[in-house]
Amino acid sequence: MLRDLSPLRVVNQNPESLQVLTLSTTISRLKQHYGHLGPPPARGPFALVMWENACYLLPDERRREVFEALEKKVGMKPAAIARAPDSTLLPLAQRGGMRPETRVFRWREIARITLQQFNGDLNTILTRPYAEAKKALKQFPNIGEPGADKILLFCGMSSGLPLESNGLRVLVRLGWARAQKDYGRMYRDVQQNIASVLPHNPEALQQAFLLLREHGRVLCKDKNPHCNLCPLAEGCDYAAKTAATFLPPPRSKTLSSP
Ligand code: SF4
């Protein structure tokens, strides 16, 4: 369960005009709207690193297609990927978007690092302290700070709520930090401001991650968000500033979880 503490609204320009959405209410409303979202099909840190590297700038459906084809034709094991010929890997990588040769190179790198440094079993990082496990993951291609946090979250280890760009945009628009050009600073500001209201349960954090991401992808788009369809519009700073005319009049100052 998400803890239902008072929200920390740091950038609300006109607090009297808005109802206040706690983080738990935000997630509850998104869950009502989108339903319970399932995790990625990848299981364990090695498969999740491969999942992150399956595609480039393509939708989840294609990522799933490439990942599952690789799993079926080659196997989701480092030794199997290391010995697979290019004639097998390249056609699979071509389904994953631009620069398929680079993708094959990265798949081989992921296999090589796992074999050489972890004796072929990346699950061993899950017995290490969080910071060490995270450092180990950041050696792999395309895995930065939030990516490593996300992989560990889906392995049942959590240290806060990792956010990719969609989820971060939603929380910034709701007023959890100021929008700013410095992405890293904005990310840290949101993390700092939500830290005290996060649940401790990894499954609740996984669901929060998935729902915020989905909302950013489907309605709270970077350009022209569909605020008129949004279940969070009544408590949204961004909507209040940019599209206040369609908002219903405020009823009370705090919304309780449904
Ligand atoms: S009201 Fe608009 S800007 Fe605010 S969270 Fe919803 S879609 Fe995003």
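Details of the structure are given in the entry above.
Because the structure is predicted, anything quoted here is derived from the model rather than measured.

Trainee: Give a detailed account of the packing of helix α2 (residues 45-52) against helix α8 (residues 145-154), specifying residues and quantitative values.
Mentor: Across the interface, α2 lies against α8 with an axial gap of 10 Å and an inter-helix angle of 135 degrees. The angle between the axes of α2 and α8 places the two elements in the oblique class. Note that α2 runs across α8; the crossing there is right-handed. Across the interface between the two elements, Pro45, Leu48, Val49 and Glu52 of α2 pack against Lys150, Ile151 and Phe154 of α8. In the contact of α2 with α8, the residues fall into five nonpolar, no polar and two charged.

Trainee: Requested: an account of helix α10 (residues 183-194), with residues and values cited.
Mentor: Given a rise of 1.5 Å per residue, twelve residues ought to cover 16 Å, and the 17 Å separating the end C-alpha atoms of α10 matches this to within 8%. Along α10, the residues classified as buried are Met186, Tyr187, Val190, Gln191, Asn193 and Ile194. Tucked into the core, α10 has its buried residues touching α8 and α9 (165-174). One side-chain oxygen at the N-terminal end of α10 lies 3.1 Å from the backbone nitrogen of Gly184; it belongs to Asp182.

Trainee: Kindly report on the pattern of salt bridges, identifying the contributing residues and their values.
Mentor: If you walk through the whole model with that rule in mind, you get eleven salt bridges. For Lys134, the salt bridge is made with Glu145, and the minimal N-O distance between the two is 2.8 Å. On the criterion of sequence distance, the pair formed by Lys134 in helix α7 (residues 130-137) and Glu145 in helix α8 is long-range, its members being eleven residues apart. Here Arg213 and Glu164 are joined by a salt bridge, their closest N and O atoms 4.0 Å apart. With Arg213 in helix α11 (residues 202-218) and Glu164 in the loop between α8 and α9, this residue pair connects regions lying 49 residues apart in the sequence.

What counts as what
- Residues numbered from 1 in each chain as written.
- Predicted model: local features only at pLDDT ≥ 70, side-chain atom pairs only at ≥ 80, totals over all residues.
- Heavy atoms only, no water.
- Axes fitted to C-alpha atoms, helices over the stretch in contact; angles between N-to-C directions.
- Helix = DSSP H or I, 4+ residues; strand = E, 2+ residues; numbered from the N terminus.
- Parallel < 35°, antiparallel > 145°, perpendicular 65-115°, else oblique.
- Left-handed = near helix turned anticlockwise from the far one by under 90°.
- Contact = heavy atoms within 4.5 Å.
- Nonpolar A, V, L, I, M, F, W, Y, C, P; charged D, E, K, R; others polar.
- Expected span 1.5 Å × (residues − 1).
- Buried < 20%, exposed > 50% of the residue type's maximum accessible area, 1.4 Å probe, protein only.
- Polar contact = N/O pair within 3.5 Å; in protein donor to acceptor, adjacent residues only side chain to side chain.
- Salt bridge = Lys/Arg side-chain N within 4 Å of Asp/Glu carboxyl O.

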